[in-house]
Amino acid sequence: MNTTNFALRHIGPREEDQKLMLKAIGVESLDQLIFETLPDGIRLKKPLELDEPMSEYEYLTHIHELSKLNKTYKTYIGLGYHPTILPPVIQRNILENPGWYTAYTPYQAEIAQGRLEALLNFQTMVSDLTGMELANASLLDESTAAAEAMSLLFAVRERDQKKNDVNKFFVSENILPQTLSLLQTRSTPIGVELVVGNEESFDFSSEYFGAILQYPGKNGQVTDIKSFIEKANKAQIKVAVAADILSLVMLEAPGKFGADVVVGTTQRFGIPMGYGGPHAAYFATKEIYKRDIPGRIIGVTKDVNGNRALRMALQTREQHIKRDKATSNICTAQVLLAVMAGMYAVYHGPKGLGFIANKIHNTASAISKSLEKLGFKQTNTSFFDTLSIQADASKIKTLAEKNEVNFFYPDANTVTISINETTNLKDANQIVAIFAEAAGKETTKITSLSEENNISKNIQRTSEFLTLDIFNSHHSETELMRYIKKLERKDLSLNHSMISLGSCTMKLNAAAEMLPLSYANWGSIHPFVPIEQAQGYQTVLKELEDQLTEITGFAATSLQPNSGAQGEYAGLMVIKAYHESRGEHHRNICLIPSSAHGTNPASAVMAGMKVVVTKSTDTGNIDVEDLRQKAELHKDNLSCIMVTYPSTHGVYESAIMEITQIIHDNGGQVYMDGANMNAQVGLTNPGKIGADVCHLNLHKTFAIPHGGGGPGVGPICVAKQLAPFLPGNPIIKTGGEQAITAISSAPFGSALVCLISYAYIKMLGTEGLTQSTKIAILNANYIKQRLQGQFDTLYSGERGRAAHEMIVDCRPFKANGIEVSDIAKRLMDYGFHAPTVSFPVAGTLMIEPTESESKAEMDRFCDAMISIKKEIDLATKDDENNVLKNAPHTLEMLTASEWLMPYSRETAAFPLDYIRDNKFWPSVRRVDDAYGDRNLICTCAPIEEYMDA
């Protein structure tokens, strides 16, 4: 065995296993299987042109050398990004721990109680600091959260405002520049008119439905949001506040002043800057808006025994239910980062956060005094951490960079300095010395920090926060380490067993791909440093763009979108800009097959398009004739089609090139959803098929881990005609010559985790990537064959083959009183996470093993499914007291002195022999979703409150 070949480590089945699997499914070779699976017309005629693959050792040496090209200056740029101190206990036990980063979104609550508790801590922390009643479990970044706030406030306008089409939204000129850019992107398609101005001179006219303030403002001034909100409330203008979460330790919570929504980022809570992300944004609002809040909410409920349990509540994938009526397309959170930020608050507690915030503020105050002594004017009269200095910006910049220091320079005569958690006395004196040199004066030395408060009295914090035990109990490393481990043991992740989720591609996240995320030279780079200071990042990101462009067969790539849904939106906005550049503003019809992912119609509506649904045939494919009729009917206004390939039903539709041609013939563009790209890489590509733009899920196909529900990365790759419109950024130049405004906060989105996909492609190379695709198809067809006769596969290709995933039909089991959810819960007793439940077809399971799973693991999964089928056969509609209806079975249940079930404890807990060797115990029994939604509790609370509910 070639121990330097990464593909051998990434791909699960050994060569001898592959032969057995091929024999089982009745083909002579892997190439024969691929021939029988893919339509010949879409096959690539030549291999991808990528670099020769590196070994893990070679790659780690390579990425270490590249990291040295990043200049780790002391950075005081601010604008929503700050150097932080990540406690090593959180770094080692969460960020670097596959028990946390390989978990899936907690749709199966019974085996995700640890993550759910960590997210409940996060929500509680946000609610406490913002003074709001309800917070979600994180959003993609601060700018996205602000845009979602605008959309929510637009959706919940007063009846008279809707009747009179009140559509103006006031934006304070103190807003972060990247947030303004994203508000501009998101406002126009939904009919909102942005008005940017000075909040002190705002007239609170009835023409406005809402407003957003920055707290503190972009240059550091803390304005009197209290009086603004009071006046706005009287005028029926709802107010969103974008707040620095660490400043809220010292500034009064916006919720106390009557704010309707509070948003921001939790990056300051120990998360590395990572050249822009990933970071968990927060979104907090009033409980009356609970049905309108975007993203995911974690709520408290009970299980069938009445024990406290957690699960995702209310908005869970609401766009799948509402589709084109959804107000948001968000289906990704930033779970891993939210868990880390929440643990930062648990570890430090209110007193620790108070110490950190006060130290930052006192350091800023001391620097301000010293600079004023040198003759500089500091213009912020009320500030938390950021000073605004009147000075010759060019002169200061030259001296600062000579001393390896970065400030921010809003204009030629202003320098802003944002102090952070890492700033010590030596750093403070270095800052003062730079200005002293610029003034040609002797520097003044700061020797100690005195307690000062340069925040206006009427907005100083008086309300308590983080008073619950969870934030006051784990302040030693031993205690926090054990708490993290306790939660980890409640979660089933990829480090325990296969997670065969259709459409979600839960593959190996190799250690060599993950290790560089902890390197300081990658983590400590601010997204707005001068490009020449980030040459390591620029090299990696440019090459990753080129790799993805080659793999997709397109002309250009943008890495900015930081989730799949955001990639969808970005792709549609680029199509929209293309049509408008040709004077075809009227093209607004988006055709979407009925089988499409729920975010597709939601994204189209957000982009200002009108959705027209096309039919599917009985075999699950797009009805080509229905599509043709609708494309021709709407040819004068056709904007695009949104299509997934292979289809959401797990089939390579042979008519795909005919479909793309129909759209082009009628003046439209083809958007391809990249959810199933793991079945294309190296064999075919969107460019070959005839698409014009696709988004890729780097957290699926290209090995970024799911992190329990995020981070995600959803770059878009585009054909030549769309390249000029790729998204830009107001501070760092990105995108095309006619770039649309920002799609996410940072110029290159979640740049830090892009290192993972770069590594994946670098170490696999052309042959390894192509082989991975082939083995993904082999593994799916092997499972299909093994389950044949027990479970019917709902759809397959023309030669009877599945693609990289397939749908098994569980609807016939209703005759035995068994629902698909019962199978999902019973799989937990066998040590497995369920495949995708009831999507895209109700009553089914969609199974995708990926290329990383071994034959032995797939056999265990198939043995479990076949054993469950035997249990189904024994069930009857009249007797619901059976092993499936009672699943999952907990340790508490199995060890109770009384056992009243009509089956044995052994049958409940150890139905197959392999389970004894590696038993995973669900920590709660089946949760009651309806009870939790009726009694909505989304923050931590004393146990007595749950008992009273």
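All values reported here derive from a predicted model rather than from experimental measurement. (Residues numbered from 1 in each chain as written. Predicted model: local features only at pLDDT ≥ 70, side-chain atom pairs only at ≥ 80, totals over all residues. Heavy atoms only, no water.)

Examining the overall build of the chain
Step number 1: A tally of helices and strands in the chain yields 32 helices and 26 strands.
Step number 2: Of all 949 residues assigned to the chain, the portion counted as buried reaches 66%.
Step number 3: In the chain, 77% of the contacts between residues at least 6 apart in sequence involve partners at least 24 apart.
Step number 4: For the chain, the accessible area works out to roughly 33,000 Å², and carbon and sulfur atoms hold 47% of it.
Step number 5: Side chains of the chain give 90 positive and 109 negative charges; the mean places of these two sets differ by 1 Å. (Helix = DSSP H or I, 4+ residues; strand = E, 2+ residues; numbered from the N terminus. Buried < 20%, exposed > 50% of the residue type's maximum accessible area, 1.4 Å probe, protein only. Contact = heavy atoms within 4.5 Å. Areas by Shrake-Rupley, 256 points an atom, 1.4 Å probe, with all protein chains shown as cover. Lys, Arg positive; Asp, Glu negative; His and termini not counted. Charge placed at Lys NZ, Arg CZ, Asp CG, Glu CD.)

A short note on the pairing of strand β7 (residues 261-265)
Step number 1: With 5 of 5 residues buried, β7 lies mostly within the body of the structure.
Step number 2: Neither face of β7 is open: one carries V261, V263 and T265, the other V262 and G264, and all of them are buried.
Step number 3: For strand β6 (residues 238-243) and β7, the ladder comprises 3 bridges, and the chain directions are parallel. Bridging across to β7, V241 finds its partner in V262.
Step number 4: Both β7 and strand β8 (residues 281-285) contribute to a ladder of 5 bridges, which runs antiparallel. Counterpart to T265 in the pairing with β8 is A281. (Pairing = 2+ DSSP bridges.)

Focus on the sheet that holds strand β23 (residues 792-793)
Step number 1: Taken together, the 4 strands give an open sheet; going across it, the order is β23-β24-β26-β25, and neighbouring strands pair in antiparallel fashion. In this open sheet, the two edge strands, each paired with only one partner strand, are β23 and β25 (836-837).
Step number 2: Pairing geometry for β23 and strand β24 (residues 806-809), over 2 bridges, is antiparallel. Its bridge partner being in β24, D792 is matched across the sheet by D809.
Step number 3: Against the sheet, helix α25 (residues 751-787) contacts β23, β24 and β26 (844-847), and its axis sits at roughly 15° relative to β24. (Axes fitted to C-alpha atoms, helices over the stretch in contact; angles between N-to-C directions.)

Quick look at the packing of helix α5 (residues 88-95) against helix α16 (residues 477-488)
Step number 1: The geometry of α5 relative to α16 is characterised by a closest axis approach of 10 Å and an angle of 15° between their N-to-C directions. In terms of orientation, α5 and α16 fall into the roughly parallel class. In this structure, the crossing between α5 and α16 has a hand that is right-handed. For the pair formed by α5 and α16, the contact residues are V89, I90, N93 and I94 on the first element and E477, L480, M481 and I484 on the second. (Parallel < 35°, antiparallel > 145°, perpendicular 65-115°, else oblique. Left-handed = near helix turned anticlockwise from the far one by under 90°.)

Digging into the pattern of salt bridges
A side chain with one charge may pair with a side chain of the opposite charge, provided their charged atoms come close.
Step number 1: Summed over all chains, the structure comprises 40 salt bridges.
Step number 2: Between K68 and E65 there is a salt bridge; the shortest N-O distance is 3.1 Å.
Step number 3: Measuring nitrogen to oxygen at the nearest pair gives 2.6 Å for the salt bridge that ties D244 to R268. Linking D244 in the loop between β6 and β7 with R268 in the loop between β7 and β8, this pair joins segments that are 24 residues apart in sequence.
Step number 4: Using a relative accessible area of 5% as the deciding quantity, one classes R268 as buried.
Step number 5: Here the salt bridges share partners, and the residues they tie into one network are R786, K855, D859 and D863. (Salt bridge = Lys/Arg side-chain N within 4 Å of Asp/Glu carboxyl O.)

Considerations on helix α10 (residues 177-190)
Step number 1: Given a rise of 1.5 Å per residue, 14 residues ought to cover 20 Å, and the 21 Å separating the end C-alpha atoms of α10 matches this to within 8%.
Step number 2: Along α10, the residues that are buried comprise Q178, T179, S181, L182, L183, T185, R186, S187 and P189.
Step number 3: Elements in contact with the buried residues of α10: α8 (142-155), β3 (168-172), β4 (193-197), β5 (208-215), α20 (564-581) and α21 (599-606).
Step number 4: Positive phi shows up at G191, right after α10, with a value of about 85°. (Expected span 1.5 Å × (residues − 1).)

Digging into the pairing of β26
Step number 1: Judged by which residues are buried, β26 turns out to be covered on both faces: T844 and M846 on one side and L845 and I847 on the other are all buried.
Step number 2: Judged from the 4 bridges that link them, β24 and β26 form a sheet pairing that is antiparallel. Counted as the bridge partner of V808 is L845 from β26.
Step number 3: Strand direction decides the pairing type here: β25 and β26, joined by 2 bridges, are antiparallel. Note on β26: the bridge partner recorded for V837 is L845.
Step number 4: In sequence, β25 turns back onto β26 through a hairpin of 6 residues, with S838 there showing a positive phi of about 60°.

Observations concerning empty space enclosed by the protein
Step number 1: One pass over the full model with this rule turns up 12 cavities of 30 Å³ or more.
Step number 2: As a volume, the second largest cavity reaches approximately 210 Å³.
Step number 3: G80, H82, L176, P216 and D244 are, among the 20 residues lining the second largest cavity, the residues nearest its centre.
Step number 4: Classifying every residue of the lining of the second largest cavity gives 6 nonpolar, 9 polar and 5 charged. (1 Å grid on protein atoms, 1.4 Å probe; cavity = no way out; pocket = protein on both sides within 12 Å on 5 of 7 lines; lining within 4 Å. Points joined across faces, edges and corners; volume = space filled by probe spheres on them. Nonpolar A, V, L, I, M, F, W, Y, C, P; charged D, E, K, R; others polar.)

A closer look at the environment of A815
Step number 1: Examined against the element boundaries, A815 turns out to sit in the loop between β24 and α26 (820-829).
Step number 2: Given the relative accessible area of 57%, A815 is considered exposed.
Step number 3: In sequence terms A815 and T876 are 61 residues apart; their C-alpha atoms lie 7.6 Å from each other.

Focus: the sheet that holds strand β22 (residues 716-718)
Step number 1: On the basis of which strands lie adjacent, the open sheet formed by 7 strands has the order β16-β22-β21-β20-β19-β17-β18 and mixed pairing. Each edge of the sheet is formed by a strand with only one pairing partner; in this case those strands are β16 (556-558) and β18 (610-614). In this sheet, adjacent strand axes meet at a mean angle of 25° when their direction is disregarded.
Step number 2: For strand β20 (residues 669-674) and strand β21 (residues 693-696), the ladder comprises 4 bridges, and the chain directions are parallel. Looking at the pairing, D673 lines up with H695 of β21.
Step number 3: Where α20 meets the sheet, it contacts β19 (638-644), β20, β21 and β22, and its direction lies at approximately 170° from that of β20.

Some details on the nonpolar core
Step number 1: Within the largest apolar cluster, 248 residues are counted, with the highest numbers of intra-cluster contacts made by M125, Y215, F269, M343, F407, I417 and F435.
Step number 2: Sort the elements by how many residues they give to this core and helix α13 (residues 335-373) lands first, with 20 residues.
Step number 3: If near-sequence neighbours (up to four positions away) are discounted, F435 is found in contact with L371, L374, F376, I389, A391, I396, F407, V415 and I417. (Core = buried A, V, L, I, M, F, W, Y, C linked by side-chain atoms within 4.5 Å.)

Focus on the packing of aromatic side chains
Step number 1: All chains considered together, the criterion is met by 26 aromatic pairs.
Step number 2: Centroid distance Y275 to F748: 5.7 Å. Interplanar angle 15°. Geometry classified as stacked. Here Y275 is found in the loop between β7 and β8, whereas its partner F748 is found in the loop between β22 and α25, with 473 residues between them in sequence.
Step number 3: By relative accessible area, Y275 is classed as buried at 0%.
Step number 4: Summarising the aromatic geometry, the rings of Y645 and Y652 are spaced 5.9 Å apart at their centres and angled 70° between planes, so their arrangement reads as edge-to-face.
Step number 5: Within the aromatic cluster, the residues linked to one another by ring pairs are F170, F202, F204, Y208 and F228.
Step number 6: Here the guanidinium or amino end of R186 rests over the ring plane of Y569, the centre of that ring lying 5.6 Å away.
Step number 7: The cationic tip of R799 hangs over the ring face of F35; the distance from NZ or CZ to the ring centre is 4.8 Å. (Phe/Tyr/Trp six-rings, centres within 6.5 Å; stacked < 30°, edge-to-face > 60°. Lys NZ or Arg CZ within 6 Å of the ring centre and 35° of its normal.)

Quick notes on the confidence of the model for the chain
Step number 1: When pLDDT is averaged across the chain, the result is 95; 97% of the residues are at 70 or more.
Step number 2: A low-confidence stretch, residues 943-949 (pLDDT under 50), is modelled with 8 contacts involving residues beyond four sequence positions or located in other chains. (pLDDT = per-residue confidence, 0-100.)

Points about α8
Step number 1: With 14 residues, α8 should reach 20 Å at 1.5 Å per residue; the first-to-last C-alpha distance of 20 Å fits that figure.
Step number 2: With 13 of its 14 residues buried, α8 lies for the most part within the structure.

What to know about unusual backbone geometry
Step number 1: That bond from Y215 to P216 is cis: its omega, -5°, falls within 30 degrees of zero.
Step number 2: Tracing the backbone through its elements, the reader meets P216 in the loop between β5 and α11 (225-234).
Step number 3: In this structure, P888 follows A887 across a cis peptide bond, with omega equal to 0°.
Step number 4: For P888, the position within the fold is in the loop between α27 (855-874) and α28 (891-894).
Step number 5: If you check the backbone angles, D165 has positive phi at about 55° while not being a glycine.
Step number 6: Relative to the helices and strands, D165 is located in the loop between α9 (159-163) and β3.
Step number 7: One non-glycine residue, Q236, lies in the positive phi region at around 60°.
Step number 8: Relative to the helices and strands, Q236 resides in the loop between α11 and β6.
Step number 9: For Q236, a relative accessible area of 45% translates into the label partly exposed.

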